[in-house]
Amino acid sequence: MQASRSSELWRQVRFLVTGAINTGFGYSIFAILILLSVPYALALLIATVLGVVFNFFTFGGYVFKRMRAGDFPRFVAVYAALYVVNVGLLRLLVDSGLHALAAQLVCLAFVAPLTYLLLKNLVFRGGTTE
């Protein structure tokens, strides 16, 4: 029981580190596109699409220690759902007057833990916690 809790804690730490790198990559693309006057929904879509393959390898290989081709379609589906949630929240915040760059930072506070839960339970379930 104790080893399982310790393993899960380390997986969460790996997720936070990897997530910070992945988020930095995605947010940088989003920010560049926003600064180039790309509409925020399209900027978010482009950043999400560019991050999907990279994130699959970092989350699957490093965080969940599971890399199976059969996991990729579920991974893409999770990211599609996350995009819908994220763009909805982003729209609410932008419509309330927040700049898109600040609004996306707020969205990340909700989307990041949701990403972990969805990846753990829908994509990489059964992955090792070592």
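Note that the structure is a prediction, hence the values are computed from the model and not measured.

Chemist: Outline the overall build of the protein chain, supporting the account with residue identities and numerical values.
Modeler: Looking only at helices and strands, the protein chain features four helices and zero strands. Taken from the N to the C terminus, the helices and strands of the protein chain come in the order α-α-α-α. Each principal axis of the C-alpha atoms in the protein chain carries an extent, and together these give about 50 × 30 × 20 Å. Counting every position in the protein chain, which comprises 130 residues, the buried fraction comes to 39%. Of the contacts made within the protein chain by residues no fewer than 6 positions apart, 71% connect residues no fewer than 24 positions apart.

Chemist: Describe a nonpolar patch on the surface, listing the residues and the values that go with them.
Modeler: A cluster of nonpolar side chains, contributed by Leu9, Trp10, Val13, Val17, Ile21, Phe25, Leu50 and Phe54, occupies part of the molecular surface with about 740 Å² of accessible area. Listing elements by their share of the nonpolar patch, those giving two or more residues are helix H1 (2-35) and helix H2 (40-63). At six residues, the largest contribution of residues to the nonpolar patch is made by H1. Locating Phe25 in the fold gives a position in helix H1.

Chemist: Which residues make up the packing of aromatic side chains, and what are the values?
Modeler: What the rule picks out here adds up to 12 aromatic pairs. Judged by centre distance (4.9 Å) and plane angle (15°), the rings of Phe15 and Phe59 are stacked. Taken as a pair, Phe15 in helix H1 and Phe59 in helix H2 lie far apart in primary sequence, 44 residues in all. Using a relative accessible area of 2% as the deciding quantity, one classes Phe59 as buried. Note on Phe56 and Phe75: the rings are 5.2 Å apart at their centroids and 75° apart in plane angle, and the pair reads as edge-to-face. Of the two residues, Phe56 is situated in helix H2 and Phe75 in helix H3 (residues 71-95); the sequence distance between them amounts to 19 residues. According to the relative accessible area criterion, Phe56 is buried, its value standing at 6%. Judged by relative accessible area, Phe75 falls into the buried class, the value being 0%.

Rules used throughout
Residues numbered from 1 in each chain as written. Predicted model: local features only at pLDDT ≥ 70, side-chain atom pairs only at ≥ 80, totals over all residues. Heavy atoms only, no water. Helix = DSSP H or I, 4+ residues; strand = E, 2+ residues; numbered from the N terminus. Buried < 20%, exposed > 50% of the residue type's maximum accessible area, 1.4 Å probe, protein only. Contact = heavy atoms within 4.5 Å. Patch = residues over 30% accessible without salt bridge, like charges linked within 9 Å, V, L, I, M, F, W, Y side chains within 5 Å. Areas by Shrake-Rupley, 256 points an atom, 1.4 Å probe, with all protein chains shown as cover. Salt bridge = Lys/Arg side-chain N within 4 Å of Asp/Glu carboxyl O. Phe/Tyr/Trp six-rings, centres within 6.5 Å; stacked < 30°, edge-to-face > 60°.

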